[in-house]
Amino acid sequence: MDMFEIRSEDYGELQRLVDALFRPGISSRATVSKIDVLTASDAFDFCDDLAEVIDLLPTRDFTRTQLCDQMNSILSGHGWGGVYGTVE
């Protein structure tokens, strides 16, 4: 980690959301819709930046891998990966 990069107290919250949407043992082909992601994210009371990541997701269905790729792309585009963490 860069010595000038500060982790937010919300670091890892998006990973918790992904883990809640795709629980262990669920099929790798299972999908969630953007509405599913929005609904689940309400319970996390995300900061404005993380809420923006969710808002910027395209309207479609996602496998876990697709959702993580989309979120990581948004995080990278904003330079927030080190601040909030990436997802897998």
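Each remark here, short or long, concerns the structure printed above.
This text gives an overview of the structure that appears in the document.

Quick notes on the rules
- Residues numbered from 1 in each chain as written.
- Predicted model: local features only at pLDDT ≥ 70, side-chain atom pairs only at ≥ 80, totals over all residues.
- Heavy atoms only, no water.
- Helix = DSSP H or I, 4+ residues; strand = E, 2+ residues; numbered from the N terminus.
- Buried < 20%, exposed > 50% of the residue type's maximum accessible area, 1.4 Å probe, protein only.
- Lys, Arg positive; Asp, Glu negative; His and termini not counted.
- Salt bridge = Lys/Arg side-chain N within 4 Å of Asp/Glu carboxyl O.
- Polar contact = N/O pair within 3.5 Å; in protein donor to acceptor, adjacent residues only side chain to side chain.
- Contact = heavy atoms within 4.5 Å.
- Arc of directions from axis to C-beta.
- Phe/Tyr/Trp six-rings, centres within 6.5 Å; stacked < 30°, edge-to-face > 60°.
- Lys NZ or Arg CZ within 6 Å of the ring centre and 35° of its normal.
- Core = buried A, V, L, I, M, F, W, Y, C linked by side-chain atoms within 4.5 Å.
- Axes fitted to C-alpha atoms, helices over the stretch in contact; angles between N-to-C directions.
- Parallel < 35°, antiparallel > 145°, perpendicular 65-115°, else oblique.
- Left-handed = near helix turned anticlockwise from the far one by under 90°.
- Nonpolar A, V, L, I, M, F, W, Y, C, P; charged D, E, K, R; others polar.

## Section: the side chain of lysine 34
In step 1: Counting through the fold element by element, lysine 34 comes out in helix H2 (residues 34–42).
In step 2: No salt bridge is formed by the buried lysine 34, whose closest oppositely charged neighbour, aspartate 55, lies at an N-O distance of 5.7 Å.
In step 3: From its side chain, lysine 34 meets the backbone oxygen of leucine 57 in a polar contact 2.7 Å long.
In step 4: The contacts of lysine 34, once residues within four sequence positions are left out, are Ile54, Asp55, Leu57, Pro58, Thr59, Arg60 and Phe62.

## A few points about helix H3 (residues 48–55)
In step 1: Buried within H3 we find Leu50, Val53 and Ile54. Projected down its long axis, H3 shows its buried positions confined to an angular sector of 100 degrees, all on one face. Turned more than 90 degrees away from the buried face of H3 sit Asp48 and Asp55, all of them exposed.
In step 2: Buried residues along H3 sit against helix H1 (13–21), H2, helix H4 (64–78) and helix H5 (81–84).

## A word on the packing of aromatic side chains
In step 1: Applying the stated criterion across every chain yields a total of two aromatic pairs.
In step 2: Seen from their ring centres, phenylalanine 44 and phenylalanine 46 are 5.5 Å apart, and the 20 degrees between their planes marks the pair as stacked. As far as burial versus exposure is concerned, phenylalanine 44 and phenylalanine 46 are alike and both buried.
In step 3: Between tryptophan 80 and tyrosine 84 the ring centres are 5.9 Å apart and the planes differ by 90 degrees, which places this aromatic pair in the edge-to-face class. Take tryptophan 80 and tyrosine 84: they sit in the same class, and that class is buried.
In step 4: Directly above the aromatic system of tyrosine 11 lies the positively charged group of arginine 7, at a separation of 3.9 Å from the ring centroid.

## A word on the nonpolar core
In step 1: One finds Leu14, Leu17, Val37, Ile54, Leu57, Leu67 and Met71 to be the most contacted residues of the largest nonpolar core, which totals 22 residues.
In step 2: For this core, the secondary-structure elements that each account for two or more residues are H1, H3 and H4.
In step 3: Looking at this core element by element, the count peaks at five residues for H4.
In step 4: In contact with leucine 57, not counting residues within four places along its chain, are Lys34, Val37, Phe62, Leu67, Gln70, Met71 and Ile74.

## Here's the deal with the environment of leucine 50
In step 1: For leucine 50, the position within the fold is in helix H3.
In step 2: Along the chain, leucine 50 and tyrosine 84 lie 34 residues apart, while their C-alpha atoms are 8.1 Å from each other.
In step 3: If sequence neighbours within four positions are ignored, leucine 50 has contacts with Asp10, Glu13, Leu14 and Tyr84.

## Concerning the packing of H3 against H4
In step 1: At their nearest, the axes of H3 and H4 sit 9 Å apart, and the two run at 130 degrees to each other. Considered as vectors, H3 and H4 are oriented oblique to each other. The two elements H3 and H4 cross, and the hand of that crossing is right-handed. Of the residues in H4, those in contact with Glu52, Val53 and Ile54 of H3 are Met71, Ile74, Leu75 and His78.
In step 2: Across the contact of H3 with H4, the residue classes tally to five nonpolar, one polar and one charged.

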